[in-house]
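Single-letter residue listing:
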Amino acid sequence: MQQILDAIMAGDTSQEDFANLTLPESYRAATVHKDEVDMFEGLTAKEKDPRKSIHIEDVALPELGPGEAYVAVMASAINYNTVWTSIFEPVSTFGFLERYGRLSELTKRHDLPYHVVGSDLAGVVLQTGPGVSRWKPGTEVVAHCLSVELEDADGHDDTMMDPQQRIWGFETNFGGLAHIALVKANQLMPKPDHLTWEEAASPGLVNCTAYRQLVSKNGGNMKQGDNVLIWGASGGLGGFATQYALNGGAVPICVVSNEQKAAIARSMGAELVINRSEEDYKFWKDEHTQDPKEWKRFGSKIRELTGGEDIDIVFEHPGRETFGASVYVTRKGGTITTCASTSGYMHEYDNRYLWMNLKRIISSHFANYRESWEANRLIAKGMIHPTLSRTYSLDDVGQAALDVHNNAHQGKVGVLCLAPEEGLGVRNPEMREQHVDAINRFRGV
Ligand code: NAP
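The present account deals with the structure reproduced in this document. Quick caveat, the model's predicted, so the values are computed rather than measured.

1. A look at the pattern of salt bridges
Okay, so step 1: All chains considered together, the criterion is met by 25 salt bridges.
Okay, so step 2: Where arginine 51 meets aspartate 49, a salt bridge forms, and the shortest distance between an N and an O atom there is 2.7 Å.
Okay, so step 3: By relative accessible area, which is 10% here, aspartate 49 ends up buried.
Okay, so step 4: As a salt-bridge pair, glutamate 259 and arginine 266 come within 3.9 Å of each other at their nearest N and O atoms.
Okay, so step 5: The network of salt bridges with common partners includes Lys34, Glu98 and Asp111.

Set out below in structure tokens:
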């Protein structure tokens with residue numbers, strides 16, 4: 001691996017020299033093990049500790065197939081999907097790998113007794129498989145995490161609709177929390193050149209997801225002036241949703257759980273912020289019963305902040321805990337967009353408030369190829385900024401995942417893979433200087 005790192009760090013290595021690098025037979029990676037999927041049996045989700053299930057070990061380099069690329073991973077990031085994988089909830093990801101393995105001779109490679117996790121990367125193309133012409137060895141890239149086969153017409157308008165749609169590093173093997181990753185070449189996108197490796201790796205999955213869920217016509221189709229309620233506004237998804245709302249002339253109403261997070265939301269430019277801990281909302285009286293009075297109290301707070309207006313779009317992801325309130329506070333004809341259920345996936349809401357007021361619930365999941373490209377383009381143009389708060393080494397992926405599991409983080413948590421230290425990889429220092437305050441907003445808080 002040292003030879004690969006030296007070639008990247010040299011800065012003047014030719015495409016030919018990159019193509020001629022000898023790749024190792026094995027590489028270092030963060031994995032979970034199939035024979036350990038029952039290790040947390042009997043524990044609550046919160047008690048399950050990713051440090052116990054995530055291993056850092058050498059794994060064999062998989063064969064390179066047509067249309068694929070090996071990428072030397074300089075940096076990656078923690079997503080909530082790595083938390084789910086590491087606590088084996090709601091299901092073990094080995095089922096995904098087994099199903100994928102049954103698809104074709106080539107995909108059999110993914111069905112292994114270990115799962116290399118991680119759905120983000122910034123790095124350098126090392127080799128490409130047959131049929132790849134656009135991406136050359138030595139090109140600096142980021143990768144989005146949409147893996148599709150594109151053999152079925154269902155996915156031809158919107159690649160998220162491909163029946164063989166998978167999230168790379170979650171529903172496929174050979175993910176980004178490693179020294180080398182295997183991706184489909186059409187996951188690759190240019191690395192924003194004003195960012196460090198760890199900054200460039202961090203927006204990926206959540207930025208693309210927030211773009212589709214809020215901005216795209218496939219999601220909220222947000223317009224100027226919309227009141228957008230954003231749960232977890234300083235978290236992974238919410239940190240980008242808040243930026244999209246502000247960029248697009250909408251009015252974010254940011255919900256967070258402490259003053260530090262409220263300060264981050266304000267520093268992004270949000271003026272309307274609700275501290276849900278301070279307000280002490282109790283949307284559920286007990287495990288089975290919601291309290292509509294609390295929905296109303298939440299709605300009153302929103303009206304107090306907006307000058308009497310209700311919500312046009314709710315950016316939902318906490319799920320069971322908040323969904324009833326989200327449906328209630330949406331204005332007549334408004335939209336609730338949902339991409340997740342962190343607090344539980346069996347949602348309950350009062351359907352009278354939905355149908356009588358012609359509200360719509362729109363489901364959203366990651367982003368299609370085009371949406372991913374647009375979301376990355378906005379990062380590259382300095383119109384949307386990374387939200388990196390802290391960076392760990394590859395050896396500490398378990399701890400990094402635990403922080404996210406415990407909601408003890410802000411924005412995104414980065415991981416250095418091959419990059420020996422933070423701060424490397426900036427190719428356009430002038431542009432960086434223009435945006436440095438925004439890039440560092442989540443740092444050190
Ligand atoms: P994150 O960085 O942990 O941020 C989520 C934020 O939501 C938390 O920081 C917290 O903010 C808030 N939150 C958590 N539980 C809550 C609750 N019970 N009530 C109210 N607010 C709550 O995670 P993320 O990366 O944004 O991901 C959030 C969820 O979306 C995860 O379940 C993830 O798997 C899912 N996701 C889905 C997709 C997709 O494509 N479908 C993509 C990305 C993520 P405060 O404490 O400040 O309120």
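2. Section: the pairing of strand S1 (residues 26-33)
Side-chain direction in a regular strand flips from residue to residue, so the side chains alternate between the two faces of the sheet.
Okay, so step 1: Counting buried residues in S1 gives six out of eight residues, a clear majority hidden from the surface.
Okay, so step 2: Pairing of S1 with strand S4 (residues 114-116), which is carried by three bridges, proceeds in the antiparallel orientation. Across the sheet, the residue bridging to threonine 31 is valine 116, located in S4.

3. Some details on the nonpolar core
Okay, so step 1: Core analysis: the largest hydrophobic core is formed by 108 residues, its most contacted members being Tyr27, Leu126, Leu188, Tyr244 and Phe366.
Okay, so step 2: Broken down by element, the residue count for this core peaks at eight residues, all from strand S3 (residues 68-78).
Okay, so step 3: Here tyrosine 27 is in contact with Glu57, Asp58, Val59, Ala60, Leu61, Pro62, Val116, Phe174, Ala178, His179 and Ile180, once residues within four sequence places are set aside.
Okay, so step 4: Among the nonpolar cores identified, the runner-up in size contains 20 residues, and Ile253, Ile274, Ile302 and Val314 belong to it.

4. Digging into the packing of aromatic side chains
Okay, so step 1: All told, the structure shown has 13 aromatic pairs when counted by the stated rule.
Okay, so step 2: Judged by centre distance (6.1 Å) and plane angle (40°), the rings of phenylalanine 40 and phenylalanine 88 are tilted. Highlighted residues: phenylalanine 40 in the loop between S1 and helix H3 (50-53) and phenylalanine 88 in the loop between helix H4 (80-87) and helix H5 (94-101), separated in sequence by 48 residues. No difference in accessibility class separates phenylalanine 40 from phenylalanine 88, as the two residues are buried.
Okay, so step 3: Taken together, a centroid distance of 5.1 Å and an interplanar angle of 55° make the contact between tyrosine 80 and tryptophan 84 tilted. Note that tyrosine 80 and tryptophan 84 are positioned in helix H4 at a spacing of four residues, about one turn of the helix.
Okay, so step 4: Take tyrosine 80: its relative accessible area is 26%, and that puts it in the partly exposed class.
Okay, so step 5: We classify tryptophan 84 as partly exposed; its relative accessible area is 22%.

5. Remarks on the site of the ligand
Okay, so step 1: Neighbouring the ligand are 26 residues, the closest being Ser257, Arg276, Thr342, Phe366 and His409.
Okay, so step 2: Within the contact set of the ligand, an oxygen atom lies 2.7 Å away from a side-chain nitrogen or oxygen of histidine 409.
Okay, so step 3: Considering the ligand on its own, with 910 Å² of exposed area, one finds that the protein chains cover 90% of that surface.
Okay, so step 4: Looking at the shell around the ligand, the elements with two or more residues in it are H4, helix H7 (204-215), helix H8 (236-247) and helix H12 (320-329).
Okay, so step 5: At three residues, the largest contribution of residues to the shell around the ligand is made by H7.
Okay, so step 6: Looking at the shell around the ligand residue by residue, the class counts come to eleven nonpolar, twelve polar and three charged.
Okay, so step 7: Split by domain, the shell around the ligand shows at least three residues from each of two domains, domain 1 (2-206 + 367-442) and domain 2 (220-363).

Criteria and cut-off values
Residues numbered from 1 in each chain as written. Predicted model: local features only at pLDDT ≥ 70, side-chain atom pairs only at ≥ 80, totals over all residues. Heavy atoms only, no water. Salt bridge = Lys/Arg side-chain N within 4 Å of Asp/Glu carboxyl O. Buried < 20%, exposed > 50% of the residue type's maximum accessible area, 1.4 Å probe, protein only. Helix = DSSP H or I, 4+ residues; strand = E, 2+ residues; numbered from the N terminus. Pairing = 2+ DSSP bridges. Core = buried A, V, L, I, M, F, W, Y, C linked by side-chain atoms within 4.5 Å. Contact = heavy atoms within 4.5 Å. Phe/Tyr/Trp six-rings, centres within 6.5 Å; stacked < 30°, edge-to-face > 60°. Near = heavy atom within 4 Å. Polar contact = N/O pair within 3.5 Å; in protein donor to acceptor, adjacent residues only side chain to side chain. Areas by Shrake-Rupley, 256 points an atom, 1.4 Å probe, with all protein chains shown as cover. Nonpolar A, V, L, I, M, F, W, Y, C, P; charged D, E, K, R; others polar. Domains from an automatic or database assignment.

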